[in-house]
Amino acid sequence: MNQRRVSKAIQIGSVTVGGNSPIVVQSMTKTDTRDVMSTIDQIKELEDYSCELVRVAVPDVESAQAIHAIKKSISIPLIADIHFDYRLALMALEAGADGLRLNPGNIGEPEKVQTIALAAKERNVPIRIGVNAGSLPKPTKSGLTIAQQMVEAALKQIRLLESLDFDLIKVSLKAFDVPTTIEAYQDIAQKIPYSLHIGITEAGPPRTGIIRSTVGISTLLYLGIGDTIRVSLTAHPREEVIAGYEILKSLNLRQHGPILVSCPSCGRAEVDIVRLAGEVEEQLSKVNKPIKVAVMGCVVNGPGEAKDADIGIACGKGKAVLFKKGKKIGVIKEKDFVEVLMREVEKL
Ligand code: SF4
């Protein structure tokens, strides 16, 4: 795994993105931002899942103004997502947004971006240049690949901000196509010092979207690229946060909550491992400790994996051996598997 690229850290409210800080997990609300109560409820739920930054869509004046009330009831920093109308960015700043996301493909004249940058600078609010392959500005020359066009669009905006002495910059270059996204990020990572927000755009519903996002995001992280991640899913945003942490945990980049090791089950299993692992996963979703729990179906790999975990069971016919930190601590009956396992988890 490559060493993480060193980026210039920025501060979004209380959260540091880039530099040596942990890779930040973020999401976006799916409520109508004007519906303040629903938006607050969704953000509070995201906070319960340890989401660290939240973005809200700001398509109109009322949404921009709603930020003021939303901010009063939430604890994590809020980023306003702006398209087309630069005045909405100014209003969002006025309402207390901790960060802005602008799409260089649709904000228009440089003067408008400049106006936003000056207002953001006054408040020390970072701006993400969020390039999307689906809404690229016209390229300056023909023959550029989509990835190259994305980099070109981002660089143009970055240079504009830099010319105003504005460097609270974060950049994203998202496409649905994974190789295009990777190519674009690899290219820009060498050209700018700023932090990178990574993700695969419009990745789809969870079953396919998590895989597509994971392939793209993990490849980049493995290459040392990425300071904050968003898994875009056609699903409740809590699924995005859960998936984000699972990606980071899989690469040992962050510890967050339990890791469940469970065997896939096979003809040797004498208990219903699929059901059992599902029940344990459900129970563990309420636990917030960075522990490793193993649920194994038989004695072939079972004891080995279960021993490697903080707590684990290796099942046999009607009973299982219980392991804790590598030591066998007892034998439990099938009807007690989940209860005993969770009791031991509590004790850890
Ligand atoms: S641990 Fe046992 S039951 Fe589970 S997949 Fe391996 S051999 Fe099959």
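Below or above, wherever it landed, is the structure these notes cover.

## Regarding the side chain of T181
Here is step 1: Considering the arrangement of structural elements, one finds T181 in helix α6 (residues 178-191).
Here is step 2: There is a polar contact of 3.1 Å between the side chain of T181 and the backbone oxygen of A175.
Here is step 3: Once residues lying within four places of it in the same chain are set aside, the contact partners of T181 are L173, K174, A175, G199 and I200.

## Quick notes on the sheet that holds strand β7 (residues 127-132)
Here is step 1: Taken in spatial order, the 8 strands of this closed barrel run β3-β4-β5-β6-β7-β8-β9-β10, and their pairing is parallel.
Here is step 2: In the sheet, strand β3 (residues 24-28) pairs with strand β10 (residues 228-229) via 2 bridges, with the strands oriented parallel. Residue pairing for β10: V24 is matched across the bridge by T228.
Here is step 3: Sheet strands in contact with α6 are β8 (169-174) and β9 (195-198), and its direction is about 150° off that of β8.

## Topic: unusual backbone geometry
Here is step 1: Phi is positive for F84, which is not a glycine, with a value near 65°.
Here is step 2: Phi at K325 is positive, roughly 45°, even though this residue is not glycine.
Here is step 3: Structurally, the position occupied by K325 is in the loop between β14 (319-324) and β15 (327-333).

## What to know about the sheet that holds β14
Here is step 1: Here 5 strands make up an open sheet; going across it, the order is β11-β12-β13-β14-β15 and the pairing mixed. Two strands lie at the open edges of the sheet, namely β11 (259-262) and β15, each paired on one side alone. Ignoring which end each strand starts from, the neighbouring axes of this sheet average 20° apart.
Here is step 2: Strand direction decides the pairing type here: strand β13 (residues 311-315) and β14, joined by 5 bridges, are antiparallel.

## As for the site of the ligand
Here is step 1: The local shell around the ligand consists of C263, P264, S265, C266, R268, A269, M296, G297, C298, V300 and N301.
Here is step 2: Within the shell around the ligand, the residues separate by chemical class into 7 nonpolar, 3 polar and 1 charged.

## Some words on helix α4 (residues 110-123)
Here is step 1: The end-to-end C-alpha distance of α4, which contains 14 residues, comes to 20 Å, matching closely the 20 Å that a straight helix rising 1.5 Å per residue would cover.
Here is step 2: Every buried residue of α4 is listed here: V113, I116, A117, A119 and A120.
Here is step 3: Those residues of α4 that are buried are in contact with α3 (86-94), β6 (99-102), β7 and α5 (146-163).

## Observations regarding the pattern of salt bridges
Two side chains that carry opposite charge are able to pair once their charged atoms sit near each other.
Here is step 1: Per the counting criterion, the structure on display carries 27 salt bridges.
Here is step 2: The shortest N-O distance in the salt bridge between D227 and R4 comes to 2.9 Å. With D227 in the loop between α7 (206-222) and β10 and R4 in the segment before β1 (10-12), this residue pair connects regions lying 223 residues apart in the sequence.
Here is step 3: Its relative accessible area of 1% is what places D227 among the buried residues.
Here is step 4: Overall, R4 belongs to the partly exposed group, its relative accessible area being 26%.
Here is step 5: Between R159 and E162 there is a salt bridge whose closest N-O contact spans 3.0 Å. You can see R159 and its partner E162 sitting in helix α5, 3 residues apart, about one turn around the helix.

## Digging into the packing of aromatic side chains
Here is step 1: All told, the structure shown has 0 aromatic pairs when counted by the stated rule.
Here is step 2: It is R212 that lies over the ring of F176; its NZ or CZ is 3.8 Å from the centre.

## So, the environment of L322
Here is step 1: Locating L322 in the fold gives a position in strand β14.
Here is step 2: Judged by its relative accessible area of 4%, L322 is buried.
Here is step 3: The sequence separation of L322 and A294 amounts to 28 residues, and the corresponding C-alpha distance is 9.9 Å.
Here is step 4: With sequence-adjacent residues up to four places away left out, L322 is seen in contact with I311, G312, I313, K327, K328, I329, G330, I332, V340, L341 and E344.

## Notes on the environment of K191
Here is step 1: Turning to its location among the elements, K191 is positioned in helix α6.
Here is step 2: Apart from residues no more than four positions distant in its own chain, K191 is found in contact with V151, L155 and R159.
Here is step 3: Among the polar contacts made by the side chain of K191, one reaches the side chain of D187 at a distance of 2.7 Å.

Rules used throughout
- Residues numbered from 1 in each chain as written.
- Predicted model: local features only at pLDDT ≥ 70, side-chain atom pairs only at ≥ 80, totals over all residues.
- Heavy atoms only, no water.
- Helix = DSSP H or I, 4+ residues; strand = E, 2+ residues; numbered from the N terminus.
- Polar contact = N/O pair within 3.5 Å; in protein donor to acceptor, adjacent residues only side chain to side chain.
- Contact = heavy atoms within 4.5 Å.
- Pairing = 2+ DSSP bridges.
- Axes fitted to C-alpha atoms, helices over the stretch in contact; angles between N-to-C directions.
- Near = heavy atom within 4 Å.
- Nonpolar A, V, L, I, M, F, W, Y, C, P; charged D, E, K, R; others polar.
- Expected span 1.5 Å × (residues − 1).
- Buried < 20%, exposed > 50% of the residue type's maximum accessible area, 1.4 Å probe, protein only.
- Salt bridge = Lys/Arg side-chain N within 4 Å of Asp/Glu carboxyl O.
- Phe/Tyr/Trp six-rings, centres within 6.5 Å; stacked < 30°, edge-to-face > 60°.
- Lys NZ or Arg CZ within 6 Å of the ring centre and 35° of its normal.

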